[in-house]
Every structure is written in structure tokens, then in C-alpha cells.
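Report on the structure
Each chain, letter by letter, is given below.
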Amino acid sequence: ASSALGAILAVLASLIIAANALVAIALLCLIQKSGSKGLYFVLNLAVADAMVGFTVLGLVTDEFSQPFYPPQIFCVLRMAFVTSSSAASILSLILVACDRHLAIRKPFHYFQLVTGLRVGVRLVGLWLVAAIIGFLPVLTPGFQKISTSRKCSFFGVFHPTYMLTVFCVGFFPALFLFIYLYCDILKIASVHAQHIREMEHAGLAGDCPPSRTTSDMKAMRTVAVLIGCFTLSWLPFFIASIVQTVCSECLSHKVIENYLWLLGLCNSLLNPLLYSYWQKDMRLQLSQLAAGVKRRVL
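Residues numbered from 1 in each chain as written. Predicted model: local features only at pLDDT ≥ 70, side-chain atom pairs only at ≥ 80, totals over all residues. Heavy atoms only, no water.

**Some details on the overall build of the protein chain**
Condition: For the purposes of this entry, the term helix denotes a DSSP run of H or I that reaches at least four residues, the term strand denotes a run of E that reaches at least two, and both are numbered from the N terminus. Type-normalised accessible area, obtained with a 1.4 Å probe on protein chains alone, sets the label of each residue: buried when under 20%, exposed when over 50%, and partly exposed for intermediate values. We call two residues in contact when some of their heavy atoms are within 4.5 Å. Where accessible areas are quoted, they stem from the Shrake-Rupley method and a 1.4 Å probe; at the residue level, only the protein chains shown are allowed to cover.
Secondary structure summary: the protein chain contains 10 helices and zero strands in total. When the helices and strands of the protein chain are listed from N to C terminus, the series reads α-α-α-α-α-α-α-α-α-α. Expressed as a percentage of its 298 residues, the buried residues of the protein chain come to 44%. Partitioning the intrachain contacts of the protein chain with sequence separation of at least 6 by distance along the chain shows that 79% fall at a separation of at least 24. Total accessible area computed for the protein chain in this model is approximately 15400 Å², and 71% of it derives from carbon and sulfur atoms.

**Overview of the side chain of Asn271**
Let me state the cut-off plainly: Residues adjacent in sequence count toward polar contacts only when both atoms are side-chain atoms; beyond that, a polar contact is any pair of N or O atoms within 3.5 Å, and within protein one must be able to donate a hydrogen and the other to accept it.
With respect to the helices and strands, Asn271 occurs in helix H9 (residues 253-278). Within the structure, the side chain of Asn271 is placed 3.2 Å from the side chain of Asp49, a separation counted as a polar contact. Excluding residues that lie within four positions of it along the chain, Asn271 makes contacts with Leu45, Asp49, Ser89, Leu93 and Leu226.

**As for the side chain of Gln144**
Tracing the chain through its elements places Gln144 in the loop between helix H5 (116-139) and helix H6 (154-157). Non-local contacts of Gln144, meaning those with residues more than four positions away in its chain, are made with Gln72, Val76, Pro137, Val138, Val157 and His159.

**Some thoughts on the packing of aromatic side chains**
The condition that has to hold: Under the pairing criterion, centres of Phe, Tyr and Trp rings, with the six-membered ring standing for Trp, must be within 6.5 Å; the plane angle then separates stacked pairs below 30 degrees from edge-to-face pairs above 60, leaving the rest tilted.
The tally for this structure, following the rule as stated, stands at 12 aromatic pairs. When the centroid spacing of 5.3 Å and the interplanar angle of 80 degrees are considered together, the rings of Tyr110 and Phe111 count as edge-to-face. Since its relative accessible area comes to 6%, Tyr110 is described here as buried. On the numbers, 4.1 Å between centres and 25 degrees between planes, the contact of Phe171 with Phe238 is stacked. Here Phe171 is found in helix H7 (residues 160-201), whereas its partner Phe238 is found in helix H8 (residues 211-246), with 67 residues between them in sequence. For the pair Phe171 and Phe238, a shared accessibility class is recorded, and that class is buried. Here the aromatic residues Phe167, Phe171, Phe172, Phe178, Phe230, Trp234, Phe237 and Phe238 are joined through ring pairs into a cluster of three or more.

**Some thoughts on the pattern of salt bridges**
The condition that has to hold: Salt bridges are identified by distance alone: a Lys or Arg side-chain nitrogen within 4 Å of an Asp or Glu carboxyl oxygen.
All chains considered together, the criterion is met by two salt bridges. The partner of Arg100 in a salt bridge is Asp99, with the nearest N and O atoms 2.9 Å apart. Take Arg100: its relative accessible area is 27%, and that puts it in the partly exposed class. Among the residues examined, Asp99 registers a relative accessible area of 5% and is labelled buried.

**A look at the confidence of the model for the protein chain**
The test is simple: Scored between 0 and 100, pLDDT is the confidence that the predictor attaches to each residue.
Chain-level statistics for the protein chain give a pLDDT mean of 81 and a share of 88% at 70 or above. The lowest-confidence element of the protein chain is H8, averaging 75 in pLDDT; the highest-confidence one is H5, averaging 91.

**Observations concerning the UniProt feature "transmembrane region" (unreviewed entry) in the protein chain**
In plain terms, the rule: UniProt positions are given in the numbering used here, feature names are shortened, and annotations may be inferred rather than shown by experiment.
Summarizing the sequence annotation, UniProt attributes the feature "transmembrane region" (unreviewed entry) to residues 6-31, 38-60, 80-98, 119-140, 160-183, 219-239 and 259-278 in the numbering used throughout. Along residues 259-278 the backbone is 100% helical and 0% strand, and the end-to-end C-alpha distance reaches 28 Å.

Here it is as C-alpha cells:
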């Protein structure tokens with residue numbers, strides 16, 4: 001069972017790293033062409049998801065090294081890196097959604113608001129917050145507990161108080177923020193659609209650019225996909241973890257860590273795949289990269 005889980009983790013980590021590396025290369029080419037500052041948030045998401053894959057590779061070695069009795073500080077640091085990279089991925093999703101929301105709410109001031117300096121400050125702040133979330137048990141020994149497990153795991157090294165703090169302060173506010181952004185984008189899009197209908201009724205439809213509605217729909221679709229994948233991937237893990245933290249006899253932590261956590265990790269694989277599928281510019285850039293590689297090979 002340990003070898004099977006290790007093989008699954010190895011395949012999943014390899015796919016996460018490969019998919020996000022490919023998307024990162026395509027995004028760098030797009031940024032060079034368009035100069036769009038908002039693409040840096042998507043690039044940061046790909047980097048954070050790739051880091052999730054690299055941290056999972058460390059856990060693969062544990063699975064293939066059973067029996068393995070690592071030191072307490074070794075497990076705490078390893079799981080801190082896993083938690084930090086996962087937190088950076090979730091925070092990057094929020095920044096992408098906020099960027100799309102800003103582009104719809106203030107389209108005429110978007111390029112003045114999203115400058116290189118502000119993007120850099122937000123990204124630095126994101127990684128600082130992610131590091132604080134992940135390494136809080138390292139800085140606060142009270143959030144640790146003595147591990148008797150033969151491998152590193154969340155419930156083996158992190159105290160239930162820390163787990164509840166992460167869930168209640170991190171995950172659920174992020175989910176509520178996602179829902180708020182989507183509802184606000186939906187409201188703005190409905191107002192724009194009503195305005196267009198009024199213009200058409202008055203015979204002034206030619207003065208209203210159709211690209212405005214298209215931009216609204218693209219933003220709604222992007223945020224909706226991010227919310228859906230984020231919720232389906234992580235919500236079962238967080239709910240089951242809260243139940244297990246409150247009632248240790250209700251659910252087995254092995255089921256949560258071996259199955260539901262894998263589902264959460266799949267979000268780091270779905271992000272680059274879905275973003276590449278839904279964004280036309282990304283599809284074109286990836287096809288150009290594939291064509292360039294094919295020409296060099298042949």
C-alpha cells in the first residue's frame with residue numbers, strides 16, 4: 001500500500017511539474033509579446049503549483065523508504081514547505097480572480113492601477129503570507145505535537161489547534177472571497193447587458209462595443225472555473241480534516257491524507273490545464289511552442 005501510494009504521488013508530482021512548467025514558458029512568451037502585468041499573477045500561480053509538485057516529490061521518498069523514522073524537526077520542516085506551497089497556490093488563485101474582477105469593475109483605469117510596482121508588492125506579500133502560514137508551527141512550538149508515525153504527515157506533526165486555525169482563517173475566507181468576486185462580476189455583467197439592450201432599443205447599438213460583453217463573459221468564466229475547481233478539490237479535505245480534528249474517532253486520518261489530500265493536490269494539476277483550455281491566447285501560444293519544437297526535431 002505504501003509503494004502504491006508512493007507511485008501515485010510520483011506520477012501526480014511529475015504531471016504537476018511538467019504541466020505548470022509548460023504553462024510558465026508559454027506565459028513568459030505572452031508577457032514578452034503583450035506586456036500585460038496581469039499575466040504575472042497567472043505565472044505566479046504556475047510557479048506555486050510547480051512548487052507543490054516539488055514538495056510532493058519529497059514525500060514520495062518517504063513512501064518508498066518504509067520503515068522510516070524521521071526526526072521531529074525534519075517532518076515539521078517538510079510539511080511546512082508542503083503547506084506553504086499549497087497556501088501560495090490558493091493565494092495566487094485569489095489574486096488571479098481579483099485581477100479579473102478589477103479588469104471588469106474599472107476597465108478604463110485598469111492599466112493605471114495594475115502597474116509593475118504594485119504587482120511586485122502583491123506577489124512579495126503573497127509569498128510572505130504563504131511562508132508565515134506554512135512555517136507558523138516552526139516558529140510556534142505550541143502548534144507542534146510529538147510524532148509517533150513512521151512517515152511525515154499533517155496530523156502526525158501539526159497540533160489540531162493549528163489545523164483549525166488554517167482552515168478557519170485561511171480556507172473558508174478564501175472560499176467566501178471567491179464567491180463574492182464571482183457574484184460581483186455577475187452583477188456587473190448583468191448591468192452591462194441591460195445597458196446594451198437599452199442602446200439597441202434606442203437604435204444606438206453601434207455605439208456600444210460588443211467586446212465589452214465578451215470581456216465580461218470571459219472574466220465570469222475564468223472566475224467560475226477557478227471557484228469550481230478550488231471547491232471540488234479542497235473542500236472535502238478541509239471538511240474531513242475539521243471533523244477529524246474535533247472528533248479523532250469519527251474519521252481515520254489515513255483516509256484523509258491518502259485520498260482526500262490527493263484530491264486537493266489535483267487542483268495544482270487542473271489549474272494549468274483548465275487555464276490553457278479556456279484562454280484562447282494560451283492555446284495559441286502553446287500551439288506555437290509545439291510547432292517550434294516539432295520543426296526543430298524534424
